[in-house]
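Structural features, examined
Next come the chains, spelled out residue by residue.
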Amino acid sequence: MGLDQRIQELQSNADKTSLTICVHTFGDLTYVSPVVFLYLLKECYVHGTCKATKKFRALQHQVHHVLCNSPQPGPASFVIRCLVVLPILELYREGFSHLIISALCRFLKQAVIDTRDTLIAKCLATRLFIHIVRGVIDHDERIVVKILEVFDVRLTDIEEMICQLKPNSDHRFDAAKSFVEQYIFKLIESQSYMTAVSLLKHFSIRQSGESFLHQMMQNNQSRAAEKWATFMGRPMLCVLVQEYVDRNMLKNAYDTIKKNNLEKEFPDVYHKCKESSLKSLAEKACWDVAERKTYGDRQLLEYLVYLAMEAGYSEKVDELCGRYSLGGFLKAKVPEANLLQRRYLQLNELVVGDVVWVDEADGLCEATYHIENCKVVGIDCEWKPNYVKGSKPNRVSIMQIASDKMVFIVDLIKLYEDVPHVLDDCLSRILQSPRILKLGYNFQCDTKQLAHSYGELKCFKQYEMLLDIQNVFREPRGGLSGLAEKILGVALNKTRRNSDWEQRPLSQNQLEYAALDAAVLVHIFAHVRNHSHPSNVPEGHEKIEWKSHIVCQRDKPKKSKKESVNNKECEPAATHEHKQSS
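Here is a short report on the structure shown in this document. (Residues numbered from 1 in each chain as written. Predicted model: local features only at pLDDT ≥ 70, side-chain atom pairs only at ≥ 80, totals over all residues. Heavy atoms only, no water.)

With the rule as written, the count across this model stands at 16 aromatic pairs. On the numbers, 5.9 Å between centres and 80° between planes, the contact of Tyr45 with Phe96 is edge-to-face. Here Phe96 lies in helix α5 (residues 93-110) and Tyr45 lies in helix α2 (residues 34-47), a separation of 51 residues in the sequence. A residue is classified by how much of its surface remains accessible, and Phe96, at 3% relative accessible area, is buried. Between Tyr454 and Phe460, the aromatic rings sit 6.1 Å apart at their centres with planes inclined by 40°, giving tilted as the arrangement. The pair Tyr454 / Phe460 is uniform in exposure class, with both members buried. Just above the ring of Tyr45 sits the side chain of Lys55; from NZ or CZ to the centre is 4.3 Å. (Phe/Tyr/Trp six-rings, centres within 6.5 Å; stacked < 30°, edge-to-face > 60°. Helix = DSSP H or I, 4+ residues; strand = E, 2+ residues; numbered from the N terminus. Buried < 20%, exposed > 50% of the residue type's maximum accessible area, 1.4 Å probe, protein only. Lys NZ or Arg CZ within 6 Å of the ring centre and 35° of its normal.)

All right, on to the sheet that holds strand β2 (residues 376-383) then. Strand order in the open sheet made by the seven strands is β1-β4-β3-β2-β5-β6-β7, with mixed pairing throughout. Unpaired on one side and paired on the other, β1 (355-358) and β7 (550-554) mark the two borders of the sheet. Across the sheet, the mean angle separating the axes of adjacent strands is 30° when strand polarity is ignored. Two elements, strand β5 (residues 437-440) and strand β6 (residues 462-468), share three bridges in a ladder whose sense is parallel. Each bridged residue has a counterpart across the sheet, and for Leu439 the counterpart in β6 is Leu467. The strands that helix α26 (residues 508-530) touches are β1, β2, β3 (396-402), β4 (407-411), β5 and β6; relative to β2, the one it contacts most, it runs at about 145°. (Pairing = 2+ DSSP bridges. Axes fitted to C-alpha atoms, helices over the stretch in contact; angles between N-to-C directions. Contact = heavy atoms within 4.5 Å.)

Where α5 meets helix α7 (residues 141-150), the closest approach of the two axes is 10 Å, and the angle between their N-to-C directions is 20°. Relative to α7, α5 is oriented roughly parallel. The way α5 lies across α7 gives a crossing that is left-handed. Facing Glu94, Ser97, His98, Ile101, Leu104 and Cys105 of α5, the residues of α7 in contact are Arg142, Ile143, Lys146, Ile147 and Val150. For the contact of α5 with α7, the residue count by class is six nonpolar, two polar and three charged. (Parallel < 35°, antiparallel > 145°, perpendicular 65-115°, else oblique. Left-handed = near helix turned anticlockwise from the far one by under 90°. Nonpolar A, V, L, I, M, F, W, Y, C, P; charged D, E, K, R; others polar.)

Among the nonpolar cores identified, the biggest contains 81 residues, and Ile147 and Ile158 are the most heavily contacted of them. The leading source of residues in this core is helix α13 (residues 234-246), at eight residues. Residues Val407, Leu467, Ala484 and Ala518 belong to the second largest nonpolar core, which totals 38 residues. (Core = buried A, V, L, I, M, F, W, Y, C linked by side-chain atoms within 4.5 Å.)

The residue Ser97 is located in helix α5 in this model. What makes Ser97 buried here is its relative accessible area of 0%. Reaching out from Ser97, the side chain makes a polar contact with the backbone oxygen of Arg93 at a distance of 2.6 Å. Ser97 has contacts with Leu83, Leu86, Tyr92, His139 and Ile143, leaving out every residue within four places of it along the chain. (Polar contact = N/O pair within 3.5 Å; in protein donor to acceptor, adjacent residues only side chain to side chain.)

Written out as structure tokens, the structure reads:
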């Protein structure tokens, strides 16, 4: 027997022995001291072979069960006695403290409460808290909060325990309160604001005011500040909202206003927050979601119209004005001049030929013949967004294929319904051709969506000669639009990316948008190719390597449901995440 094998056998026997001892001892805690219990717990943890998180959960479950096995003088008091001696384990102190307290909480929810055990545990917990505050016993401050909450230790309990520890002293309730406040003040000095707030709330101490809230906000502790303000009540919540507004934290202000029904106190702020939310959605081209978020409020609808005007989305302006009769509203908000004057890339700057809509077999065959004679084409896809989390993504609606002269927009939905075999054959000749370089941007997302939409077709199971332009650049920022601006000097207008791509016929603006996304890839690649040879690289430009990024892609075996296309990185909303990043 080899040395390694012998070591493994000895380790296995040691694990079995420890496990046998632990199981036997855990079976009856009547005569097991907390020290022995913790030692055995440590042995189980150390000799466990699974990952730390799984070991923690398994031991938590085990401790929850063994608390039923007659620990003396009772489950709650036994846990407190364990917490008293836990610091001797040093490295395991914090983790095991959380473990046994959480196990006790589960146990107490299901077991019949023993009043005597509860009273003993509270007394022991109070004494433990006092020793921790005085530095006699070392425990993490988060454990302190848990001890006080789980065992319901109050100021009156602390006062009685102080009197027991110093019977000759004349202690009053204020002395216990002062004792606790001094500890909380030290926590505040060390900027442990969340723990300090938890203790103030637990002991119902309300002396601190606005200055404490401002201090937490200055130290970027907004969660602790919100917890404190909620405890203090409506006036302090109003101070918090104003703090958020002053710091331009409108999302936090909006959430606090909505959660605490403060709309009447902050009508302007509430509306401003709503407008900020609409603007964020508009910037992501989530116009349908933004429209629903207005809830029919005329002022918000008017603001959404102006956002569409700013974006140059004229058909959305007409659509909203017509739907909500907004033709005669006053122009209270003037669109920013720089946004209105911003120039976007136009289709006629990239395509000298036609944009051809393909929805019949003959047209598809003609388009395929043209594309097969091209060396490089740009490919992109569009589908109707679905903003309902967890819902099934919509089918890919169209595929745009652009050469340096023409753009073909293929109606996948109609061709799949009418002539699936012709569609499969033609797209296979294009997508699987080793002679045609296919350009895309984050094309992996498109290929997954295509396979999900039309899984029966062979054309979407294999691709040859793919080049994802995104992978050529080290730091692609702003998506395809940002890349176009960086390379060609002009950005793409992405306001229509999340429109209804299943409507027929598509609007002229939709057709131009779709065609641009494919055509711009060919022009960006021309720049990439021109800068791939050292002799042609202008001063200040780096050589661009692109050939090593060309890949072939074949259909992989089906994954489990958890890894299916419904949960992939380009799921809406974002079903159009790759479009949003573009």
